[in-house]
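# Topology and contacts: notes
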Amino acid sequence: MKIYKILLLAVLVLPLSVFSQEQVNDTIVKDKLERPAFESSFLIDNPTNVLFSKNTLEVQMSHRFGELNDDKNDLAGFYGSANIRIGLTYGIHERLTIGFGTTKNKNYQDFNWKAAILRQTRSDKMPISVSYYGNFAIDARSKDQGLFRETSDRYSFFNQLIIARRFNPKLSLQVAPSVSHYNTVATTMRNDMVAIAFGGRYKISDQTSVIADYSQPLTKMRLDNPPPGISLGVEFGTSAHTFQLFVTNYWGIVPQENYMFNNKTTGLEGNKGQYLIGFNITRNYNF
């Protein structure tokens, strides 16, 4: 008799257990994280919300050719002076990466970090991803140039909040307010620059996308306000590589350099406001 009671109890409880398990599984499926809005950790000139998994090493190479200037016989800037940055980022947690890069222009040495605050879910319970990106850069040019009285005069900082959404498998957009700071600037400038960037990607095939980036400075300088940055290009991506080819009016690569000193469109240093061709390449290694 006891055996029948046990069997009867099992028959009654089992459906409840299965139903409960299905509810748990449904909840897990609904709250599953959405796929990344972008392929690369950078969208031309601005960081994206992308953070790679723990123990992932990303190798970055960014290149900006010379100006597209008809007055010079330099093959659309390919023979002109170039700006280059090589960097590494490493995922120490699925929500946190740290990195370092070195840039030719002004010998910038930048230490950077990115953290995921909110992450978009497939159920849309969390409709957006919010990430924080920051860096600390050192201008490592020689003292012989007479540019710096104190070591702290070399320091600059960048802080940005990245709000992104993957609307569907083809379209992703982001908006990113930021604050740039230089310890030392010319008397015609201000030490801080508040700005906002808008960027997007539209996939035209599984591995090819059209990308765009627009950066608008908001702080008014005392003289010669830097104009906005405009970039348009294409992106080719695989599981481990991303290649971006674009036209931009930003010659700098470190973000605060672009927001504070967009010389290519102000006529400073003999420039005539020309656009230029650039590319970004990233390669991921999982350990």
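See the structure shown above.
Here's a quick rundown of the structure. (Residues numbered from 1 in each chain as written. Predicted model: local features only at pLDDT ≥ 70, side-chain atom pairs only at ≥ 80, totals over all residues. Heavy atoms only, no water.)

The next thing to look at is the overall build of the protein. If you tally the helices and strands in the protein, you get two helices and 14 strands. Looking at the protein alone, contacts between residues at least 24 apart form 57% of all its contacts between residues at least 6 apart. Carbon and sulfur atoms form 62% of the exposed surface of the protein, whose accessible area is close to 15,500 Å². (Helix = DSSP H or I, 4+ residues; strand = E, 2+ residues; numbered from the N terminus. Contact = heavy atoms within 4.5 Å. Areas by Shrake-Rupley, 256 points an atom, 1.4 Å probe, with all protein chains shown as cover.)

Once that is clear, we can look at the pattern of salt bridges. Tallied over the entire structure, the rule returns 10 salt bridges. Measuring nitrogen to oxygen at the nearest pair gives 3.1 Å for the salt bridge that ties Arg166 to Glu34. Separated by 132 residues along the polypeptide, Arg166 in strand E8 (residues 155-166) and Glu34 in the loop between helix H1 (2-30) and strand E1 (42-43) bring together distant segments of the chain. The exposure class assigned to Arg166 is buried, which follows from its relative accessible area of 13%. (Salt bridge = Lys/Arg side-chain N within 4 Å of Asp/Glu carboxyl O. Buried < 20%, exposed > 50% of the residue type's maximum accessible area, 1.4 Å probe, protein only.)

Spatial ordering of the closed barrel is given by E3-E4-E5-E6-E7-E8-E9-E10-E11-E12-E13-E14, a layout of 12 strands whose pairing is antiparallel. On average, each strand axis in the sheet is inclined to that of its neighbour by 20 degrees, with strand direction left out of account. When strand E3 (residues 56-67) meets strand E14 (residues 276-286), the two strands line up antiparallel, connected through 10 bridges. Note on E14: the bridge partner recorded for Thr56 is Asn286. (Pairing = 2+ DSSP bridges. Axes fitted to C-alpha atoms, helices over the stretch in contact; angles between N-to-C directions.)

What follows concerns a nonpolar patch on the surface. A surface patch of nonpolar side chains, amounting to about 470 Å² of accessible area, comprises Ile92, Leu96, Ile98, Phe100, Phe111 and Trp113. Per-element accounting of the nonpolar patch gives the leading share, three residues, to strand E5 (residues 96-103). With respect to the helices and strands, Trp113 occurs in strand E6 (residues 108-118). Trp113 sits in the partly exposed class, given a relative accessible area of 31%. (Patch = residues over 30% accessible without salt bridge, like charges linked within 9 Å, V, L, I, M, F, W, Y side chains within 5 Å.)

Turning our attention to the nonpolar core. Residues Tyr259 and Met260 are the most contacted members of the largest nonpolar core, which totals 18 residues. Listing elements by their share of this core, those giving two or more residues are strand E7 (129-139), E8, strand E9 (171-182), strand E10 (192-203) and helix H2 (255-260). The residues touching Met260, leaving out its near neighbours within four places in the chain, are Ser180, Tyr182, Val185, Met189, Arg190, Asn191, Asp192, Met193, Met221 and Pro226. Grouped together as the second largest cluster of nonpolar side chains are nine residues, Ala37, Phe38, Ile44 and Phe246 included. (Core = buried A, V, L, I, M, F, W, Y, C linked by side-chain atoms within 4.5 Å.)

Summarising the sheet, E10 and strand E11 (residues 208-217) pair through nine bridges and their orientation is antiparallel. The residue bridging Gly199 from the neighbouring strand is Asp213, located in E11. In this antiparallel pair of consecutive strands, E10 and E11, the connection spans four residues. As judged from the eight bridges shared by E11 and strand E12 (residues 229-237), these two strands associate in the antiparallel manner. What sits directly across from Tyr214, in E12, is Ile230.

Here we come to the side chain of Ser172. By the element assignment, Ser172 lies in strand E9. Among the residues examined, Ser172 registers a relative accessible area of 0% and is labelled buried. Those residues in contact with Ser172 that lie beyond four places of it in its chain are Ala37, Phe38, Arg165, Arg166, Gly199, Gly200 and Arg201.

What follows deals with unusual backbone geometry. Of note, Lys106 is a non-glycine position whose phi angle comes to about 65 degrees, a positive value. Position of Lys106 relative to the elements: it lies in the loop between E5 and E6. The phi dihedral of Asn107 falls on the positive side, at around 50 degrees, and the residue is not glycine. Note on placement: Asn107 falls in the loop between E5 and E6.

Okay, the environment of Thr187 next. In this structure, Thr187 sits in the loop between E9 and E10. Placed 36 residues apart in sequence, Thr187 and Leu223 show a C-alpha to C-alpha distance of 9.1 Å.

Of the two faces of strand E13 (residues 241-248), the one holding Thr242, Gln244, Phe246 and Thr248 is buried and the one holding His241, Phe243, Leu245 and Val247 is not buried anywhere. Taken together, the seven bridges between E12 and E13 define a ladder with antiparallel strand orientation. When the bridges of E13 are listed, Gly233 appears paired with Phe246. Note that E13 and E14 share eight bridges and pair antiparallel. Paired with Leu245 across the two strands is Phe279, which belongs to E14.

It is worth stressing that arrangement in space is one thing and function is another; only the former is reported here.
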